[in-house]
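# A structural walkthrough
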There are 2 protein chains.
Amino acid sequence: MSRVGSDRARPTRQILPLALTPLVEGDLATYFEGLANPTRLHIVERLAQVKEARVSDVAMLLGISQPRMSWHLRLLRRAGLVLTRREGREVFCRLDRTSIAENLSAFTALLAGDGQPGLAESRLGPAETINPPSPRHGVERSLPEVI
Amino acid sequence: MSRVGSDRARPTRQILPLALTPLVEGDLATYFEGLANPTRLHIVERLAQVKEARVSDVAMLLGISQPRMSWHLRLLRRAGLVLTRREGREVFCRLDRTSIAENLSAFTALLAGDGQPGLAESRLGPAETINPPSPRHGVERSLPEVI
DNA sequence: ACCTTTATGAAAGAAGTCTTTAAGTGAGCA
DNA sequence: TGCTCACTTAAAGACTTCTTTCATAAAGGT
């Protein structure tokens, strides 16, 4: 996409006036971008097992260089997946479980079909009986306690 | 990444022998890649509201060209987010809610710290009392019913 | 002050994503 | 058979992401 700023820069949000921004999709896309890479998923996996760890320890354990670790850490922070904290000359990172939970439940809300139905019933295919008739059939808003 | 094959091609899985593949990270990264783009999130959002819809209807509603729709549909299929079905000369698409739920719970399992602890307790930071002491503190394996 | 350790930043190049235009495929209809 | 509709695929180019190498900053020990 476009964002190149210094960490908290978001593409869509930054340009459009607040009232017109899609909001949800922009933020969620940034969030999932943080997870859309094997290296970053490895980092997340490690941090999930260990609560908090020194940046260089994680880098060494995953066998990646220091600048590379730093790059991915930046994306992870921007995505709201990881928090970092300086202590002396070391930096510790850990999962931002609150933000993670918020984004996940925003996503499940999206899956549940929240928002205006758009091309609702009128634009359904001919053979339209795949799912049994239920007001909003599938996804449920369970999971808000995923932290 | 690398995958360019004809839709179901996955990078890591395809090359390494089955027993040695990282599995989780590779698949999850592909899955999240499908969600890491505003256009695709819009498609997913629409499909969540409507169960099933003609490809061209979704494209028109989102104001994107047909090839562009097709491109994103391919990534969505590869990510296990969307299923398509041909009927006559029209193609209908819908969310693959089973696959979505599987991937989401794989992710929450990862967040819960499943797998060997790696650099576990020995590598924790000095001021280590951010979270109250609980066996595996945060994320819970709730959500398997997210379809 | 100097030196060491650790983290971040910048630049450059390879690789990947995304979009458009144009061509190809499959299914229905004349 | 030919024509049209509804999609998919190919090719090319613009733009991003990712990685490496080199340089800078920040903190602490000597």
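On a predicted model such as this, the values are computed, not experimentally measured, just so you know.

## Brief notes about the overall build of chain A
- Along chain A, the regular secondary structure elements total six helices and three strands.
- Traced from its N-terminal end to its C-terminal end, chain A shows the element sequence α-α-α-β-α-α-β-β-α.
- Residue burial in chain A is summarised as follows: out of 147 residues, 47% are buried.
- The contacts of chain A with a sequence gap of at least 6 include a subset with a gap of at least 24, amounting to 59%.

## Brief notes about the pairing of strand β2 (residues 82-87) of chain B
- Bridging between β2(B) and strand β3 (residues 90-95) of chain B involves six bridges; their strand directions are antiparallel. The residue of β3(B) that forms the bridge with Val82(B) is Leu95(B).

## Details of the sheet that holds strand β2 (residues 82-87) of chain A
Residue and element names in this part refer to chain A.
- Strand order in the open sheet formed by three strands is β1-β3-β2, and the pairing between neighbours is antiparallel. Two strands in the sheet have a free side with no partner beyond their single neighbour: β1 (52-54) and β2. Strand after strand, the sheet turns through a mean of 30 degrees between neighbouring axes, direction not considered.

## Section: the side chain of Asp96(B)
All names here are of chain B.
- By the secondary structure assignment, Asp96 is in the loop between β3 and α6 (97-111).
- Here Asp96 is buried and forms no salt bridge, its nearest opposite-charge partner Arg94 lying at an N-O distance of 7.2 Å.
- With near-sequence residues (within four places) excluded, Asp96 lies in contact with Gly80, Leu81, Val82 and Leu83.

## What to know about the environment of Leu76(B)
Residues and elements named next belong to chain B.
- Tracing the backbone through its elements, the reader meets Leu76 in helix α5 (residues 66-78).
- By relative accessible area, Leu76 is classed as buried at 0%.
- The spacing of Leu76 and Asp96 is 20 residues in sequence and 9.6 Å in space, taken between C-alpha atoms.
- Ignoring anything within four residues of it in the chain, the contact list for Leu76 reads Gly34, Arg40, Ile43, Val44, Leu81 and Val82.

## Quick word on the pattern of salt bridges
- Scanning the entire structure with this criterion turns up 12 salt bridges over all chains.
- Among the ionic pairs, Glu90(A) bridges to Arg54(A), the shortest N-O distance being 3.6 Å. Of this pair, Glu90(A) sits in strand β3 (residues 90-95) while Arg54(A) sits in strand β1; the two residues are 36 residues apart in sequence, bridging distant segments of the chain.
- For Glu90(A), a relative accessible area of 29% corresponds to the partly exposed category.
- A salt bridge links Glu52(B) to Arg94(B); its shortest N-O distance comes to 3.8 Å. Here Glu52(B) is found in strand β1 (residues 52-54), whereas its partner Arg94(B) is found in strand β3, with 42 residues between them in sequence.
- Linked through salt bridges whose partners overlap, the residues forming this network are Glu52(A), Arg85(A), Glu87(A) and Arg94(A).

## Details of the packing of helix α3 (residues 38-50) of chain A against helix α5 (residues 66-78) of chain A
Residue and element names in this part refer to chain A.
- The geometry of α3 relative to α5 is characterised by a closest axis approach of 10 Å and an angle of 80 degrees between their N-to-C directions. The orientation of α3 relative to α5 falls into the category roughly perpendicular. Every residue of α5 that contacts α3 at Thr39, Arg40, Ile43 and Val44 is listed here: Arg68, Met69, Trp71, His72, Leu75 and Leu76.
- Across the contact of α3 with α5, the residue classes break down as six nonpolar, two polar and two charged.

Basis of the calculations
Residues numbered from 1 in each chain as written. Chains lettered and ligands numbered in written order. Predicted model: local features only at pLDDT ≥ 70, side-chain atom pairs only at ≥ 80, totals over all residues. Heavy atoms only, no water. Helix = DSSP H or I, 4+ residues; strand = E, 2+ residues; numbered from the N terminus. Buried < 20%, exposed > 50% of the residue type's maximum accessible area, 1.4 Å probe, protein only. Contact = heavy atoms within 4.5 Å. Pairing = 2+ DSSP bridges. Axes fitted to C-alpha atoms, helices over the stretch in contact; angles between N-to-C directions. Lys, Arg positive; Asp, Glu negative; His and termini not counted. Salt bridge = Lys/Arg side-chain N within 4 Å of Asp/Glu carboxyl O. Parallel < 35°, antiparallel > 145°, perpendicular 65-115°, else oblique. Nonpolar A, V, L, I, M, F, W, Y, C, P; charged D, E, K, R; others polar.

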